[in-house]
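# Report on the structure
Here is how the chains run, residue by residue.
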Amino acid sequence: MKIFLSLILAFTFAFAQKVAVIDVEGMTCPLCTTAIKKSLKQIDGVSNAKVRLNTRQATVYFDEKVTKKQLLKAIEAVGYKGKIISIKTE
Amino acid sequence: MLRRDFLKTSMVTMGAISLASSELLAGEKSRKFKVVLDFDIKYDEKNYEAKLWNPLPFNAEYQKVKFFKFDGNYDNYNINRDNTYDAKTLFTSWKKSDKKKLLHIEMEIETRYREVSMKLIKKASKENLPLPENVKLYLEPTEHIPTDGKIKEVADKITKNMTDRFEKVQAIYDWVTETTFRDPKVLGCGIGDAGKMVESGYFGGKCTDISSLFVAILRAAGIPSREVFGIRLGKSEFSKALGKSDAKGFANISTWQHCRAEYFIPGAGWIPSDPADITKLELVERLDYNDPKVKKLRAKYINSWEMNWVGFNYARDFELSPKPTQFPLNMLGYPYGEIDDEVLNYYNPKTFSFNFTSQEEL
């Protein structure tokens, strides 16, 4: 039984989805949101990304293998600066 | 208007709006253009819903929409001005489906050369009349048009010891047209971020950038002013750089969006100006700022517009109706479209997709 529970926990941990909220500097128009979203979604392991102009924030859904550095680099690659505010596991 | 797959047709005849006192030298000779806007909204998934907000021209003494018709397979639509700047917008939406999303708009637009006499402007400026309440919105800052900080410093420096309104306008116009240059690498008409331009000290841009800088400095100097977003419709009598068409008067205008500017002097009204086209003429014809042709256009475009163009609105940093996912909108010189929360690339007609044409009656 213990082995079984451990396996379930390990499985859940391995496939847990993480959610990062990132402040993004430099967005000036609605098109900026699409550029950032597309760049974030190109990362292997990012399942979804929502970017909002009014809050200047990106919400990114990703798995364990994605690093903070990758997320910030993807934002930087399209000309913006990101700052991670929070990361939660869902 | 909720039935899908049913071709809907709507026709609206637009009435003229009352004339502003400034339209005293609208030309006698008119130009007529048949303008066709075709949309076929594209996305990289099979099933999707789409929303489109398309700017429509306003009516004035110098531009009149004589005929307006639209049809398509949209599921819903409205024409509204429900925004801070009264910008007329045709909103259409399509429910989630794998079918094409089509919209076809036809307009007949009549334009007349627009000029406010310099004699009137100078006389009105000397009278120094109070500003009417309804123009004070155009003294306010917006996100991209700050009126404090470095913009204010620049305005104070340019207009030092000046009290006459038009004297200030002339000095700001001269400074903007001399300092800025057209940067062909800028996408579309540019963002129009006047604050960033002055902060960075880089004065290369396109029409929205240059018009916004002009507007921001004017507002900081106490002169009501605004960008006027629109689209070129055909041949310019002055230069191919400012509009062209084929021998039969036909032009594909999908990427011909162009931003101009206006400023207000009580007693003379709203006065047309186009500082950005000075820089376009210089770049395209490879002319120096002091070339006689550039000098001639500089003298013309402080108080006139050639009307091979039609204006849509004066809106900056505002919210459309119905409210899109992304807001505020920087400007509405281009069609604005969203699929879920993704913004369609209005700088690329082929991927959006849209095709705009204009046929001048010769």
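In short, a report on the structure. Source: prediction; values computed, not measured.

### Notes on the interface of chain B and chain A
Between chain B and chain A, the contact holds 18 residues from the first and 15 residues from the second. The largest contributions to the chain B side of the interface with chain A come from Gln326(B), Asp341(B) and Glu342(B), which together make up 34% of the buried area. There are 4 salt bridges connecting chain B and chain A. Here Lys37(A) and Glu342(B) are joined by a salt bridge, their closest N and O atoms 3.6 Å apart. Only β18 (329-331) and β20 (342-343) of chain B provide two or more residues apiece to the side of chain B that touches chain A. Among the residues forming the side of chain B that touches chain A, the class breakdown is 9 nonpolar, 5 polar and 4 charged.

### Describing the nonpolar core
Leu40(A), Leu71(A), Phe39(B), Ile41(B), Tyr263(B) and Tyr346(B) are the most contacted members of the largest nonpolar core, which totals 130 residues. No other element matches the 9 residues that helix α5 (residues 207-220) of chain B contributes to this core. Counting the residues that make up this core, at least three belong to each of domain 1 (8-112 + 317-360) and domain 2 (116-312) of chain B.

### Considering the packing of helix α6 (residues 275-284) of chain B against helix α7 (residues 292-300) of chain B
Residue and element names in this part refer to chain B. Remark: α6 packs on α7, axes separated minimally by 10 Å, with the N-to-C direction vectors making an angle of 165°. When the axes of α6 and α7 are compared, the pair comes out roughly antiparallel. With respect to the hand of their crossing, α6 and α7 are arranged in right-handed fashion. Residues Asp 277, Ile 278, Leu 281 and Glu 282 of α6 touch α7, and the partners they reach there are Lys 293, Val 294, Leu 297 and Arg 298. By residue class, the composition of the contact of α6 with α7 is 4 nonpolar, no polar and 4 charged.

### What to know about the environment of Thr279(B)
Residue and element names in this part refer to chain B. With respect to the element layout, Thr 279 can be found in helix α6. A relative accessible area of 2% places Thr 279 in the buried class. Counting along the chain gives 184 residues from Thr 279 to Lys 95, while the straight-line C-alpha distance between them is 44 Å. Aside from chain neighbours lying at most four places away, what touches Thr 279 is Thr 177, Thr 180, Phe 181, Arg 182 and Ile 210. For Thr 279, the side chain forms a polar contact with the main-chain oxygen of Ala 276, separated by 2.6 Å.

Calculation criteria
- Residues numbered from 1 in each chain as written.
- Chains lettered and ligands numbered in written order.
- Predicted model: local features only at pLDDT ≥ 70, side-chain atom pairs only at ≥ 80, totals over all residues.
- Heavy atoms only, no water.
- Contact = heavy atoms within 4.5 Å.
- Buried area = accessible area lost by both parts, 1.4 Å probe.
- Salt bridge = Lys/Arg side-chain N within 4 Å of Asp/Glu carboxyl O.
- Helix = DSSP H or I, 4+ residues; strand = E, 2+ residues; numbered from the N terminus.
- Nonpolar A, V, L, I, M, F, W, Y, C, P; charged D, E, K, R; others polar.
- Core = buried A, V, L, I, M, F, W, Y, C linked by side-chain atoms within 4.5 Å.
- Buried < 20%, exposed > 50% of the residue type's maximum accessible area, 1.4 Å probe, protein only.
- Domains from an automatic or database assignment.
- Axes fitted to C-alpha atoms, helices over the stretch in contact; angles between N-to-C directions.
- Parallel < 35°, antiparallel > 145°, perpendicular 65-115°, else oblique.
- Left-handed = near helix turned anticlockwise from the far one by under 90°.
- Polar contact = N/O pair within 3.5 Å; in protein donor to acceptor, adjacent residues only side chain to side chain.

Keep in mind these values describe shape, not function.
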